[in-house]
Amino acid sequence: MVKTESAQVERAEPTPSIAWLVGVAAWFVPGAGHLLLRKWGRAIAMGGAVWICFFLGLRMGGHMFDLSSGQGSSSLLQVPPMIANLGTGVLYIVCWLLGIGFADDPQQAARATYEYGNTFLLIAGLLNYLTMLDAFDIAAGRKP
Amino acid sequence: MTLFAVLASVVFGAVAKDTTRDRWLYGLKVFAEFMAIGLVLGWILYFIP
């Protein structure tokens, strides 16, 4: 049994380096991974969903998370939502550099759509992680 | 909620299955589930002060 498993592991083909490149591109620019693979429909549907979700979240007044907003050990609580936000790749980085969506503004937090915006921004990142994994699997030949 | 359900079900549908027909069916199923669960939870929370 053990020999059979080890033989299967030995026979497994290594992941091609292009798959890693596609994965990184898919994370960095939502939809870019599928564009590189010439999966136009998927790129538009999945990448478009992430972009729309992100900009709707910003438009609703949502707030993105980074490590600077907490004090002491409470900054650790910012890590999980920050990981979710970070999933949007360049969108998060550009907003972070420009300071868009990171301000702790009570007026913004009082908006009726504030929590909806937060959720859309988090979900945009998480959906892009799924998109990235899909592009990686296609590039690695594990998926049609 | 509807927008959220549409966007999430598009990605879920595209990721999950192998054939186009299965993707559409799964996406529609996920969309319907998001909507139904959202409405049920909304009504439950409505009655909780």
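The present account deals with the structure reproduced in this document. (Residues numbered from 1 in each chain as written. Chains lettered and ligands numbered in written order. Predicted model: local features only at pLDDT ≥ 70, side-chain atom pairs only at ≥ 80, totals over all residues. Heavy atoms only, no water.)

1. Some remarks on the pattern of salt bridges
Side-chain pairing between opposite charges can occur once the charged atoms of the two side chains come close. All names here are of chain A. Taken as a whole and judged by the stated rule, the model has three salt bridges over all chains. Salt-bridge contacts for Arg42 lead to Asp134; the nearest nitrogen and oxygen are separated by 2.6 Å. Residue Arg42 is found in helix 4 (residues 40-59), and its partner Asp134 is found in helix 8 (residues 114-139); the two are separated by 92 residues along the sequence. Asp134 gets classed as buried once you look at its relative accessible area, which sits at 2%. The residue Lys143 makes a salt bridge to Asp134 at a minimum N-O spacing of 2.4 Å. A single salt-bridge network, built from bridges that share partners, covers Arg42, Asp134 and Lys143. (Salt bridge = Lys/Arg side-chain N within 4 Å of Asp/Glu carboxyl O. Helix = DSSP H or I, 4+ residues; strand = E, 2+ residues; numbered from the N terminus. Buried < 20%, exposed > 50% of the residue type's maximum accessible area, 1.4 Å probe, protein only.)

2. Observations concerning the interface of chain A and chain B
Contact residues are listed per partner, giving 15 residues for chain A and twelve residues for chain B. One can count two residue pairs in polar contact (both at pLDDT 80 or more) joining chain A with chain B. Sorting the residues of the side of chain A that touches chain B by element identifies helix 4 and helix 8 of chain A as the ones contributing at least two each. For the side of chain A that touches chain B, the element with the most residues is helix 4 of chain A, which contributes seven residues. Among the residues making up the side of chain A that touches chain B, the classes are represented as eleven nonpolar, one polar and three charged. (Contact = heavy atoms within 4.5 Å. Polar contact = N/O pair within 3.5 Å; in protein donor to acceptor, adjacent residues only side chain to side chain. Nonpolar A, V, L, I, M, F, W, Y, C, P; charged D, E, K, R; others polar.)

3. Here's the deal with the nonpolar core
In terms of nonpolar packing, the biggest core is built from 24 residues, with Cys53(A), Phe54(A), Leu58(A), Met64(A), Cys95(A), Phe120(A) and Val11(B) touching the most fellow members. Those elements that place two or more of their residues in this core are helix 4, helix 6 (90-98) and helix 8 of chain A together with helix 1 (2-16) of chain B. Here the element with the most residues in this core is helix 4 of chain A; it accounts for six residues. Once residues within four sequence positions are removed from consideration, Leu58(A) is found in contact with Met64(A), Cys95(A), Ile100(A), Gly101(A) and Leu121(A). Grouped together as the second largest cluster of nonpolar side chains are seven residues, Ala19(A), Ala26(A), Met132(A) and Ala135(A) included. (Core = buried A, V, L, I, M, F, W, Y, C linked by side-chain atoms within 4.5 Å.)

4. With respect to helix 2 (residues 20-46) of chain B
Helix length check: helix 2 of chain B (27 residues) gives 39 Å between terminal C-alpha atoms against 39 Å at 1.5 Å per residue, within 8%. Regarding helix 2 of chain B, the residues found buried are Arg23(B), Gly27(B), Val30(B) and Met35(B). Elements in contact with the buried residues of helix 2 of chain B: helix 4 of chain A together with helix 1 of chain B. (Expected span 1.5 Å × (residues − 1).)

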